[in-house]
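# Chains, contacts and geometry: an overview
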Amino acid sequence: MKRIFAFAAVVLFAFLTTSFAQSNSSTRTEQIKEYSEGVWDAVIINTQYPKNVIFIVGDGMGTAQVYASIIAQGEKSQFLRFPFSGFSRTYSNNKYTTDSGAGGSALMTGHKVNNYTIAQSPEGTPYSTFYDYARKEKGKSTGFVCSCSMVDATPASTYGHVPDRHMNEELSLQMSQCGHSVMIGADQKVFLPEGRKDGTSPIDTLKQRGYSVVSTMKELKKIHSGKVCAMLSENDAPGDAKQRKYWLVDGTKKAIELLNQNPNGFCLMVEGSQIDWACHNNDTPYLQTELDEFEQMLKVVLDFAEKDGNTLVVVTADHETGGLALTNGDIKKGESECKFTTGSHSGVMVPVFSYGLGAHEFSGIQQNTDFYNKIVNLIK
């Protein structure tokens, strides 16, 4: 009923604006006509549901980081392709300023949790994610791609449940037993028995469950079907997108190729993990490299969504890092003067961008817990 009223209200508005335009100048008429057509497009979007959801997290990415990227990329910036935008409120269950564990958990589960917790209540009750819902209730394939350890807070929030995000052995076991079809990231050593206190081998569990386990992008590119776990570095990911050879871009492309083979659709999480690391270091060149990789990844995603026509893309952050301020710059040269106010996280709202079927639902100011319900209510 809510959708019907929304439909009627927008159609009435489009009719009134068009009528008003007829009594004004031809220039004004064209402006109103274009706006009315845009409103009608929004109405059409409002009556459809996405088959696929690609949820993108720029870890530590606030509005200043986004605008610095737009300045650097100019009119080619992929952020300019999103028709809807808004903000997310990031505080955790127990702190004004969230960490990535609580921030990622809120995005994935719809629940505020305590800092450093992964997807569970203070009493230890596990919270399910919208990936669980998509897989179990809708038959979709799920997965993630990140430019960090696969047991780091944000990717772990898609499959794990622990009271402390640093419980890497427990998280690696949980990941080896989870329902994701595609997992791409770093930190192979955590999945090997050597050096583990429990002596187990999560990497063997993955193989026994039918995953192709690979350690290089070259190997990953040769795989064209089935379940995959790509551990692209022995330790945590290299702190430089160029050294990683921009694996977030190729990894996302491969994840989409594999997950899209499911006729029921898919849900994919992609994290630009090291935007956060660069801002913790107050390192502007490092940040610029990470944002460049993020832009290239966005182009892969948006090009797919545009061609597919049945995909929702949502981009946000778990929190802002560095308290970044852009104090000056040069538009023509694509340069921004970056000043960091902290080496930690800040408590400001973070931006939200959305594209595709249902994208209008993510405009305005929302809680970081709202994404779960919106996505669950949208996917068909």
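Here the structure is a predicted model, which means the values were calculated and not measured. (Residues numbered from 1 in each chain as written. Predicted model: local features only at pLDDT ≥ 70, side-chain atom pairs only at ≥ 80, totals over all residues. Heavy atoms only, no water.)

## As for the sheet that holds strand S8 (residues 311-316)
Strand order in the open sheet formed by 10 strands is S5-S6-S4-S3-S7-S1-S8-S13-S2-S14, and the pairing between neighbours is mixed. Whereas interior strands pair on both sides, the edge strands pair on one side only; in this sheet they are strand S5 (211-214) and strand S14 (364-367). For this sheet, the mean inter-axis angle between neighbouring strands, taken without regard to orientation, is 15 degrees. Bridge count between strand S3 (residues 141-149) and strand S7 (residues 266-272): 6 bridges; the pairing is parallel. (Pairing = 2+ DSSP bridges. Helix = DSSP H or I, 4+ residues; strand = E, 2+ residues; numbered from the N terminus. Axes fitted to C-alpha atoms, helices over the stretch in contact; angles between N-to-C directions.)

## Side note on the nonpolar core
Ranked by internal contacts, the top residues of the largest apolar core, which has 55 residues, are Ile-54, Ile-56, Leu-268, Phe-294, Met-297, Val-313 and Val-315. Take this core: its biggest share by element is 11 residues, from helix H12 (residues 284-308). If we skip the residues at most four places from it in the chain, Ile-54 touches Ile-256, Phe-266, Leu-268, Val-270, Val-301, Phe-304, Thr-311, Leu-312, Val-313 and Val-314. One finds Val-53, Cys-178, Val-352 and Tyr-372 within the second-largest nonpolar core, a separate group that totals 43 residues. (Core = buried A, V, L, I, M, F, W, Y, C linked by side-chain atoms within 4.5 Å. Buried < 20%, exposed > 50% of the residue type's maximum accessible area, 1.4 Å probe, protein only. Contact = heavy atoms within 4.5 Å.)

## Some details on the side chain of Glu-295
If you trace the backbone, Glu-295 turns up in helix H12. Buried within the structure, Glu-295 lacks any salt-bridge partner; Arg-81 is the closest side chain of opposite charge, at an N-O distance of 8.5 Å. A polar side-chain atom of Glu-295 sits 2.8 Å from a polar atom in the side chain of Ser-77. Not counting the four nearest positions on each side in its chain, Glu-295 is found in contact with Ser-69, Ile-70, Gln-73, Ser-77, Gln-78 and Phe-79. (Lys, Arg positive; Asp, Glu negative; His and termini not counted. Salt bridge = Lys/Arg side-chain N within 4 Å of Asp/Glu carboxyl O. Polar contact = N/O pair within 3.5 Å; in protein donor to acceptor, adjacent residues only side chain to side chain.)

## Examining unusual backbone geometry
We note that Asp-187 has phi near 90 degrees; this positive angle belongs to a residue other than glycine. Along the polypeptide, Asp-187 turns up in the loop between strand S4 (182-186) and helix H8 (202-208). For Asp-187, a relative accessible area of 5% puts it in the buried group. The phi dihedral of Tyr-246 is positive, around 50 degrees, even though this residue is not glycine. Looking at the secondary structure, you find Tyr-246 in the loop between strand S6 (227-231) and helix H10 (247-259). Among the residues examined, Tyr-246 registers a relative accessible area of 17% and is labelled buried.

## Focus on the pattern of salt bridges
Here the structure, examined in full by the defined rule, presents 13 salt bridges. Between Lys-221 and Asp-250 there is a salt bridge, with its nearest N and O atoms 3.5 Å apart. You can see Lys-221 sitting in helix H9 (residues 217-221) and its partner Asp-250 sitting in helix H10, a full 29 residues away along the chain. The partly exposed category is assigned to Lys-221, whose relative accessible area is 44%. If you follow the salt bridges from partner to partner, you end up with Arg-81, Lys-299, Asp-303 and Glu-306 in one network.

## Re the pairing of strand S13 (residues 350-356)
Across the 7 residues of S13, 7 count as buried, placing the element largely inside the fold. Pairing analysis gives 5 bridges linking strand S2 (residues 84-89) to S13, with the strands arranged antiparallel. Counterpart to Phe-84 in the pairing with S13 is Ser-354. Where S8 lies against S13, 4 bridges are found, and the strand directions are antiparallel. By the bridge assignment, Val-315 is partnered in S13 with Phe-353.

## Re the environment of Val-314
Take Val-314: it is sitting in strand S8. Along the backbone, Val-314 and Gly-356 are 42 residues apart, and their C-alpha atoms lie at a distance of 8.9 Å. Aside from chain neighbours lying at most four places away, what touches Val-314 is Ile-54, Phe-55, Ile-56, Val-352, Phe-353, Ser-354, Phe-362 and Phe-371.

## Here we look at the packing of helix H3 (residues 63-73) against H12
The geometry of H3 relative to H12 is characterised by a closest axis approach of 10 Å and an angle of 75 degrees between their N-to-C directions. Relative to H12, the element H3 lies roughly perpendicular. Seen from H3, the contacting residues are Gln-65, Ser-69, Ile-70 and Gln-73; seen from H12, they are Leu-287, Leu-291, Asp-292 and Glu-295. Residues of the contact of H3 with H12, tallied by class, amount to 3 nonpolar, 3 polar and 2 charged. (Parallel < 35°, antiparallel > 145°, perpendicular 65-115°, else oblique. Nonpolar A, V, L, I, M, F, W, Y, C, P; charged D, E, K, R; others polar.)

## Thoughts on a nonpolar patch on the surface
Residues Phe-87, Met-349 and Ile-365 make up a contiguous nonpolar surface patch of roughly 270 Å² in combined accessible area. The class for Met-349 is partly exposed, based on a relative accessible area of 34%. (Patch = residues over 30% accessible without salt bridge, like charges linked within 9 Å, V, L, I, M, F, W, Y side chains within 5 Å. Areas by Shrake-Rupley, 256 points an atom, 1.4 Å probe, with all protein chains shown as cover.)

## A closer look at the pairing of strand S11 (residues 335-339)
Consecutive side chains along a regular strand alternate between the two faces of the sheet. Only one face of S11 is buried: it carries Ser-336 and Cys-338, and the other face, with Glu-335, Glu-337 and Lys-339, is open. Here strand S10 (residues 325-330) runs beside S11; their pairing, made up of 5 bridges, is antiparallel. Looking across to S11, one finds that Ala-325 is bridged to Lys-339. Once S10 ends, the chain turns through 4 residues before running back antiparallel as S11, passing Gly-334 with a positive phi of about 70 degrees.

## Description of the side chain of Thr-289
Mapped onto the elements of the fold, Thr-289 is located in helix H12. Overall, the relative accessible area of 15% leaves Thr-289 in the buried class. Non-local contacts of Thr-289, meaning those with residues more than four positions away in its chain, are made with Asp-240, Ala-241, Lys-242 and Tyr-246.

## Structural notes on the environment of Ser-273
Mapped onto the fold, Ser-273 is located in the loop between S7 and helix H11 (274-280). Classification of Ser-273 as buried rests on a relative accessible area of 1%. For the pair formed by Ser-273 and Asp-152, sequence separation is 121 residues and the distance between their alpha carbons is 9.2 Å. Those residues in contact with Ser-273 that lie beyond four places of it in its chain are Asp-59, Cys-146, Ser-147 and Cys-148. Within the structure, the side chain of Ser-273 is placed 2.8 Å from the side chain of Glu-271, a separation counted as a polar contact.

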